[in-house]
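Structural overview for review
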Amino acid sequence: MMAARRTLVVDGFAPMAAALRAHFDARFADPTDTRDDRFVWDLWNVPGQYTALRTPAYLYFPRRLYDAFHQRLVWWGRRVLGCHDVSPPWMSCYVNGCEQRLHGDLPHGQWAFVFSLTDWRRRTFRGGETLLLRDDVLDFWSGFRSQRAQEEPQLVEAIAPRFNRLTVFDPRLPHGVRRIDGSMDPREGRLVIHGWFVQPRPFIEGPLAPRRLSEGIEQVSRAMAPALEAGLPVAGLLSLGFRVGAGGLVGPVRVLSDTTRAPAHEEPRRRALVRLIRRSVQRLRFPATAAGSRVTLPLVFEQG
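Just so we're clear, the structure is a prediction, and the values are computed from it rather than from any experiment. (Residues numbered from 1 in each chain as written. Predicted model: local features only at pLDDT ≥ 70, side-chain atom pairs only at ≥ 80, totals over all residues. Heavy atoms only, no water.)

The next thing to look at is the pairing of strand β3 (residues 50-56). In the sheet, strand β2 (residues 42-46) pairs with β3 via 5 bridges, with the strands oriented antiparallel. Each residue of the ladder has a partner; that of D42, found in β3, is R54. Pairing geometry for β3 and strand β6 (residues 99-103), over 2 bridges, is antiparallel. Across the sheet, the residue bridging to T51 is E99, located in β6. Across 4 bridges, the pairing between β3 and strand β5 (residues 90-94) is antiparallel. Paired with L53 across the strands is C93, a residue of β5. (Pairing = 2+ DSSP bridges. Helix = DSSP H or I, 4+ residues; strand = E, 2+ residues; numbered from the N terminus.)

Right, let's talk about the nonpolar core for a bit. Proteins that are soluble and globular tend to have nonpolar side chains buried together. The biggest cluster of nonpolar side chains holds 50 residues, and the ones touching the most others in it are F69, F115, V168, I193 and F197. Elements that contribute at least two residues to this core include exactly α1 (17-27), α2 (57-60), α3 (63-80), β4 (83-86), β5, β7 (111-116), β10 (165-169) and β12 (190-200). Among all residues touching F115, those that are not within four sequence positions of it are F13, A14, A17, L20, F69, N164, R165, L166, L191, V192 and I193. (Core = buried A, V, L, I, M, F, W, Y, C linked by side-chain atoms within 4.5 Å. Buried < 20%, exposed > 50% of the residue type's maximum accessible area, 1.4 Å probe, protein only. Contact = heavy atoms within 4.5 Å.)

Positive phi is not limited to glycine here, since N164 has a value of about 65 degrees. Structurally, N164 can be placed in the loop between β9 (156-159) and β10. According to the relative accessible area criterion, N164 is buried, its value standing at 12%. Even without a glycine there, the phi angle at Q199 is positive, about 60 degrees. Here Q199 shows up in strand β12. Owing to a relative accessible area of 41%, Q199 belongs among the partly exposed residues under this scheme.

Further remarks concern the pairing of strand β16 (residues 294-301). Among the 8 residues in β16, 7 count as buried, and that is most of the element. Pairing of strand β13 (residues 203-205) with β16, which is carried by 3 bridges, proceeds in the antiparallel orientation. From the neighbouring strand, E205 faces β16, where its bridge partner is R294. Pairing of strand β14 (residues 236-243) with β16, which is carried by 8 bridges, proceeds in the antiparallel orientation. Residue G236 lies in a different strand from β16, and its bridge partner there is F301.

Here we have 4 strands laid out as an open sheet, ordered β13-β16-β14-β15, and antiparallel in their pairing. Both outer strands of the open sheet, β13 and β15 (254-258), are each paired with one neighbouring strand and no more. The average undirected angle you get between the axes of adjacent strands in this sheet is 15 degrees. Here α3 sits on the sheet in contact with β13, β14, β15 and β16, set at roughly 95 degrees to β13. Packed onto the sheet, helix α7 (residues 267-282) meets β14, β15 and β16 and runs at close to 30 degrees relative to β14. (Axes fitted to C-alpha atoms, helices over the stretch in contact; angles between N-to-C directions.)

A few words on helix α6 (residues 210-229). The first and last C-alpha atoms of α6 sit 27 Å apart over 20 residues, in line with the 28 Å expected at 1.5 Å per residue. At A223, α6 shows its maximal bend, which comes to roughly 35 degrees, and the proline P226 appears one to four places after that position. For α6, every residue scored as buried is listed here: L213, G216, V220 and M224. Buried-residue contacts for α6 involve β13, β14, α7 and β16. One or two positions beyond α6, positive phi appears at G231, with a value near 95 degrees. (Expected span 1.5 Å × (residues − 1). Bend = angle between axes of the 7 residues up to and from the residue.)

Right, let's get into the packing of α6 against α7. It is at 9 Å that the axes of α6 and α7 come closest, and there the two elements cross at 165 degrees. Taken together, the axis directions place α6 and α7 in an arrangement best described as roughly antiparallel. As for how α6 packs across α7, the hand of that crossing is right-handed. Residues V220, A223, M224, A227 and L228 of α6 pack against R269, L273, L276, I277, S280 and V281 of α7. Across the contact of α6 with α7, the residue classes break down as 9 nonpolar, 1 polar and 1 charged. (Parallel < 35°, antiparallel > 145°, perpendicular 65-115°, else oblique. Left-handed = near helix turned anticlockwise from the far one by under 90°. Nonpolar A, V, L, I, M, F, W, Y, C, P; charged D, E, K, R; others polar.)

Now for the side chain of S183. The topology assignment puts S183 in the loop between β11 (175-177) and β12. A polar contact of 2.8 Å, which involves the side chain of S183, links it to the backbone nitrogen of D185. (Polar contact = N/O pair within 3.5 Å; in protein donor to acceptor, adjacent residues only side chain to side chain.)

Bringing the packing of aromatic side chains into the picture now. What describes a pair of aromatic rings is the distance from one ring centre to the other and the angle between the planes of the rings. This model, assessed by the stated rule, comprises 15 aromatic pairs. With 5.1 Å between their ring centres and 75 degrees between their planes, Y60 and F61 make a pair best called edge-to-face. F61 carries the same exposure label as Y60, and that label is buried. Ring centres 6.4 Å apart and planes at 5 degrees place the aromatic pair F242 and F286 in the stacked group. Pair noted here: F242 is in strand β14 and F286 is in the loop between α7 and β16, with a separation of 44 residues, a long-range link. Residue class for F242 comes out buried when judged on its relative accessible area of 3%. One aromatic cluster is present, formed by F13, Y66, F69, W76, F113, F115 and F197 through successive ring pairs. The cationic tip of R27 hangs over the ring face of Y60; the distance from NZ or CZ to the ring centre is 4.0 Å. Geometry around Y94 places R190 over its ring, the cationic atom sitting 4.8 Å from the centre. (Phe/Tyr/Trp six-rings, centres within 6.5 Å; stacked < 30°, edge-to-face > 60°. Lys NZ or Arg CZ within 6 Å of the ring centre and 35° of its normal.)

Here you go:
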């Protein structure tokens, strides 16, 4: 299985999805109701760029229900991405005329996420997909073929916001939301919770002492220093996963996700760097008492 470079899609992500959706529907069951908790929406309108209704998700739902969802999201981010937390999530509702045109999220976080509460199977609207510009477009001329068709499916990846689907993507990619054409009823719109995974740092499950892991990271840093000092222009987040086995030996090192990017002519050197890092982590040795630990190790590369 190849590690994610652009997107991760997890269906059936949260067991509390139906309860979150039910709470939203209950607020709009009677359109004439004027109770206080209905008046929480901001109309986010930047002409030519963004139009949607939004509200802080963590203030919208009952505390216990939202906390259960939030904890699941954070735990998943730590294990899979090596990101310790998430930004305060928004909830956005898209009704007729709402959209997000292409843009990049810099520097909000290492990964963006969209969790859908949209009743996608019974939708009455058109549009609403998350749109991501394809890599072939971002590096259009390097592989250009004049006889190849270039229509929207070849230029843009469209991901449907199916109910209880978590979509995670590299926020540096130009992305947006296809315009909604349909009802003005919020219950018949596109409903999502979204934000960014932030604070990449090692995540340890088990008896491995953080100090011992820090010592190992220093060894890995020394091993990859020559490639970086030679001017390799690489930027992004590389997250590795491994277990500590008997005697403190490191088990197979997996690339969990990898958003590192370099110019096309430097791609062979970027790949070589990733291989070098994996070998360096594989050679680490920890105290025998660390056996049974599971580690997610994120490494951040930045270009000024």
